[in-house]
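Read off the chains here:
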Amino acid sequence: MLNPKLLIRCAFGLALLTVVGCSKNNPVAPTPSTSSIAVNSTGTTLFLGSAETFTAVSTLSNGTTQATTGTWTSDAQAIATVDGTGRVSGVASGDATISVDAGGVRGSKRIRVLPNYQGSWLGNYIIDGCSSIGPSPWTTACSLGFPNGKSFTLAFQFTQANGIVSGTAAQNAVLSNQFSSSVQGNGAVTAQAVGNLGTTSSSQTWNLQSTTDGRIAGTLRFVYTDTSVAVGSATVTATLSNVNRQ
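This text gives an overview of the structure that appears in the document.

Reading the values: rules and limits
- Residues numbered from 1 in each chain as written.
- Predicted model: local features only at pLDDT ≥ 70, side-chain atom pairs only at ≥ 80, totals over all residues.
- Heavy atoms only, no water.
- Helix = DSSP H or I, 4+ residues; strand = E, 2+ residues; numbered from the N terminus.
- Buried < 20%, exposed > 50% of the residue type's maximum accessible area, 1.4 Å probe, protein only.
- Contact = heavy atoms within 4.5 Å.
- Areas by Shrake-Rupley, 256 points an atom, 1.4 Å probe, with all protein chains shown as cover.
- Core = buried A, V, L, I, M, F, W, Y, C linked by side-chain atoms within 4.5 Å.
- Phe/Tyr/Trp six-rings, centres within 6.5 Å; stacked < 30°, edge-to-face > 60°.
- 1 Å grid on protein atoms, 1.4 Å probe; cavity = no way out; pocket = protein on both sides within 12 Å on 5 of 7 lines; lining within 4 Å.
- Points joined across faces, edges and corners; volume = space filled by probe spheres on them.
- Nonpolar A, V, L, I, M, F, W, Y, C, P; charged D, E, K, R; others polar.

Moving on, we get to the overall build of the protein. Helices and strands together make up the secondary structure of the protein, namely two helices and 19 strands. Relative to its full complement of 246 residues, the protein shows a buried share of 39%. Residue pairs at least 24 apart in sequence account for 50% of intrachain contacts in the protein once pairs closer than 6 positions are excluded. If you sum the accessible surface of the protein, you get close to 13,200 Å²; carbon and sulfur atoms cover 56% of it.

Of all hydrophobic cores here, the largest spans 31 residues; its most connected members are Phe-156, Phe-158, Trp-206, Leu-208, Ile-216 and Leu-240. Secondary-structure elements contributing two or more residues to this core are β11 (119–133), β12 (151–161), β13 (164–171), β16 (189–197), β17 (200–209), β18 (215–226) and β19 (233–245). Element by element, the count of residues in this core is highest for β19, at five residues. Here Leu-208 is in contact with Tyr-117, Phe-156, Phe-158, Ala-188, Val-189, Ile-216, Ala-217 and Leu-240, once residues within four sequence places are set aside.

Below, the discussion takes up the environment of Leu-197. Here Leu-197 lies in strand β16. According to the relative accessible area criterion, Leu-197 is partly exposed, its value standing at 47%. Not counting the four nearest positions on each side in its chain, Leu-197 is found in contact with Ala-173 and Val-174.

Turning our attention to the packing of aromatic side chains. Tallied over the full model, the rule gives nine aromatic pairs. Ring centres 5.1 Å apart and planes at 25° place the aromatic pair Phe-146 and Tyr-224 in the stacked group. Taken together, the residues span a long stretch of sequence, with Phe-146 in the loop between α2 (141–145) and β12 and Tyr-224 in strand β18 at a distance of 78 residues. As far as the burial class goes, Phe-146 and Tyr-224 line up, both buried. Ring geometry for Phe-156 against Phe-158: centres 4.9 Å apart, planes inclined by 20°, an arrangement best described as stacked.

Let's shift gears to the layout of surface pockets. Considering only enclosed or pocket space, the largest pocket measures out at about 320 Å³ in volume. For the largest pocket, the lining is made up of 17 residues, of which Phe-146, Val-174, Leu-197, Thr-200 and Tyr-224 are closest to its centre. Counting residues per element, the ones that place at least two in the lining of the largest pocket are β16, β17 and β18. Per element, the largest residue contribution to the lining of the largest pocket is three residues, and it comes from β17. Tallied by class, the residues present in the lining of the largest pocket amount to ten nonpolar, six polar and one charged.

The structure is reproduced here in structure tokens:
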């Protein structure tokens, strides 16, 4: 019969394995558990209409890391959807949290979905309002130059860095100066610019929105002045029409 003290020492692994009556098998290491999960993507923004496959990496209790599969979810399906492989699609402008659950642990990443304004755009704007003050030529500016329903050509040249849009606008022969504006939470852009043609200057306000990739809608407001005329101005409002990325 083994000495009781020896049994206790063997049970707690304190005796040498060569002691008579103790097992010589190596003890089995416990399976490491998941400590945390990191959700990875190329950035914190996703363009409307685009998709990216997110990945997950678990940190285990023993300090190692490993690629992880789990159950993917989005807390805002109307903004961004995610399938079982982690493929996230931008549906509408806004914020969403993409999460994956594995091993009883959740990992999450907050992203922003926003329109892609990058590129060259062509279309038209249609006059829907005009008012003027002052002497000639302002007295006939609206009736002759900007009657309701008249269509003018329009071009944008934009660059975009995440939520900042920069570029120029051209209406017929008038090219604006370079402007830069932030994309608002709803995906809209309000930009201020100035265009000059000879002695005539136009102070421009653009209200742009893109809810479908490759198309821009919105309105504009121009205030025209002329250095050759001491007083007066014309204010024109219009709606964008068929503005598409080229």
